[in-house]
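Commentary on secondary and tertiary structure
What follows is each chain in one-letter form.
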Amino acid sequence: MPTRRRVLRAGALLPLGGLGWLPRVSAAEARLEPGAVRMEPGIAPLVKLIEDLPRERLIEEMAHRVRGGLPYPELLAALLLAGVRNVQPRPVGFKFHAVLVVHSAHLASVALPSQHRWLPIFWALDHFKISQADEKRKTGWTMGPLEGSRVPSASKARQAFIDAMERWEPDDAEAAAAALARTAGSHETFELFCQYGMRDFRDIGHKTIFVANGWRALQSIGWQHAEPVLRSLARALLYYDGNTSPAGADLDPDRPWKRNRALAATLRPAWRDGKPDDGAAAELFQTMCTATEQQTVAASVAAVNRGTSAQTVWDACFAAAAEMNMARPDILSLHALTTLNAARHCFETTADDQLRRMLLLQSAAFLPRWRGKLDRKVDLSKLEAAPLKTRGDEAIEEIFLDVSRDKPAASRKVLAYAAAGEDPNALIAMARVLTCLKGTSSHDYKFSSAVLEDHGHLSPPWRDRLLAASVYQLSGSQGADNGLIRRIRSAFGS
């Protein structure tokens, strides 16, 4: 973990200093315990307050309540519930990022030094008001009550949900989701939703992201809040463009799943017993950067059937997505990594062997589709370190100065930093603080929370290269400050 001195130096680099004026949130409080927050009766008034307050007053009112003792877990729960109740989940993106970003902001809060922990949540509060106003202006949509007669009984909820999802019927799926929230266990319900999160490749991965982030958020705020979240998620997973329902049709976004169901059955029975293989990862990485979707999946199946571990396939997937971010740091490339983060979490959480197979193969198929005809400007596996002029904390300062003015140089210096045996957690800590203070969009939080988490999930040959490639989407120390910081500071009386 980064030392206290390093964290304080990270704050001192920035014009607003360490922001010690914020009430401190303990790490234990931010991590939360499932079930610690109760929706009834205490949380409903706070949700209503967030919904009803105008944007220009929300930060100040919430700061007043925090200073008066409002716990972090309650604010997090109320923010998520306000989002799903007031922002339509179709399409799964755009203004709906007010919901998708909540767990990413929470991850940032957990990892930030205590004096910064409120900032991501206050940023997300403001972002919600923007999305709420946009929804109200364009559609006037809010989540309405469900008629009791539409909600299936506990004994019929599971099959009703499956039938509705297969028929692509959002109204029936929403009613069944409510029944599951009321009567089924959380893990059973997650397994059902996970089956459909990566079934199709619409909405640039946001369906998978909502499954993973929604589940993880509910693990934090308590399953008693699941019903509105699951209702929103069910509708999101059934979104499609055009007038042709995917039910019974042969549409392009659905074909990989159909092909991979057959291929998943060809994985050897003991596929989970494979061994890590750096050579196989390097070979698969090259395939994922250059080959077609079907070639990439076939190569992944062949590698696993030779005795290679699933971890090796994940290493290649993340490395290929990281290279894509270097060659074309745009919104599609960003979502290659955030979607893989979500798919990997689902893979690690589910106990369903068939679903684990499908998530692995769908992830391999996903990358060439998002890469398109991208020219390969750099080979991540051959990226060479650039000399650093400094060591330790000063080297971190040097790197993030370059993130603002010369990203290729910053990327190569990250490799030099790692090769020198420096603490990667200190570099990651600085990246999180800069996102908090400089970030302006939901994607800043989504990307940084995902990629900095995934650094620890990759094998040693690849984790430093993932971190090196991430600088193309991270905030540098010379970027403009987020305008909300001063407003929050004023609201807390500093």
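Note that the structure is a prediction, hence the values are computed from the model and not measured.

What counts, and at which threshold
- Residues numbered from 1 in each chain as written.
- Predicted model: local features only at pLDDT ≥ 70, side-chain atom pairs only at ≥ 80, totals over all residues.
- Heavy atoms only, no water.
- Helix = DSSP H or I, 4+ residues; strand = E, 2+ residues; numbered from the N terminus.
- Expected span 1.5 Å × (residues − 1).
- Buried < 20%, exposed > 50% of the residue type's maximum accessible area, 1.4 Å probe, protein only.
- Contact = heavy atoms within 4.5 Å.
- pLDDT = per-residue confidence, 0-100.
- Disulfide = S-S within 2.5 Å.
- Axes fitted to C-alpha atoms, helices over the stretch in contact; angles between N-to-C directions.
- Parallel < 35°, antiparallel > 145°, perpendicular 65-115°, else oblique.
- Nonpolar A, V, L, I, M, F, W, Y, C, P; charged D, E, K, R; others polar.

1. Topic: helix H8 (residues 154-167)
In this model, H8 (14 residues) spans 20 Å end to end at C-alpha, consistent with the 20 Å of a helix rising 1.5 Å per residue. Listing the buried residues of H8 in full gives Ala 157, Phe 161, Ala 164 and Met 165. Next to the buried residues of H8 lie helix H9 (170-183), helix H10 (186-197) and helix H12 (226-237). At the C-terminal side of H8, Trp 168 shows a positive phi close to 55 degrees.

2. What about unusual backbone geometry?
For residues besides glycine, phi is generally negative; the peptide bonds are generally trans as well. Cis rather than trans, the peptide bond between Arg 90 and Pro 91 has omega equal to 0 degrees. By the secondary structure assignment, Pro 91 is in the loop between helix H5 (72-86) and helix H6 (97-111). Even without glycine at this site, Phe 94 takes up a positive phi of about 50 degrees. Relative to the assigned elements, Phe 94 resides in the loop between H5 and H6. Residue classification places Phe 94 among the exposed positions, given a relative accessible area of 67%.

3. So, the confidence of the model for the protein chain
Residues of the protein chain with pLDDT of at least 70 account for 91%, and the chain-wide mean is 90. Averaged pLDDT values over the elements of the protein chain bottom out at 41 in helix H1 (residues 4-12) and peak at 98 in H8. Residue range residues 1-22 is modelled with pLDDT below 50. Its contacts to residues more than four positions away, or to other chains, number 55 contacts. Taken together, the stretch residues 32-40 has pLDDT below 50 and engages in 26 contacts with residues farther than four places along the chain or on a different chain.

4. Some points on the side chain of Glu 51
Topologically, Glu 51 is positioned in helix H3 (residues 39-52). Here Glu 51 is in contact with Ala 82, Arg 85, Asn 86, Phe 128, Lys 129 and Gln 132, once residues within four sequence places are set aside.

5. Describing the state of the cysteines
Scanning all chains against the criterion turns up zero disulfides. There is no disulfide at Cys 289, and the cysteine sulfur nearest it, in Cys 317, is 10 Å away.

6. Thoughts on the packing of helix H14 (residues 278-290) against helix H18 (residues 353-371)
Two numbers describe a pair of packed helices, the interaxial angle and the distance between the axes. Running from amino to carboxyl end, H14 crosses H18 at an angle of 40 degrees, the nearest separation of the two axes being 8 Å. With respect to their mutual orientation, H14 and H18 come out oblique. Here Met 288, Cys 289 and Thr 290 of H14 come into contact with H18, specifically with Ala 364, Leu 367 and Arg 371. For the contact of H14 with H18, the residue count by class is four nonpolar, one polar and one charged.

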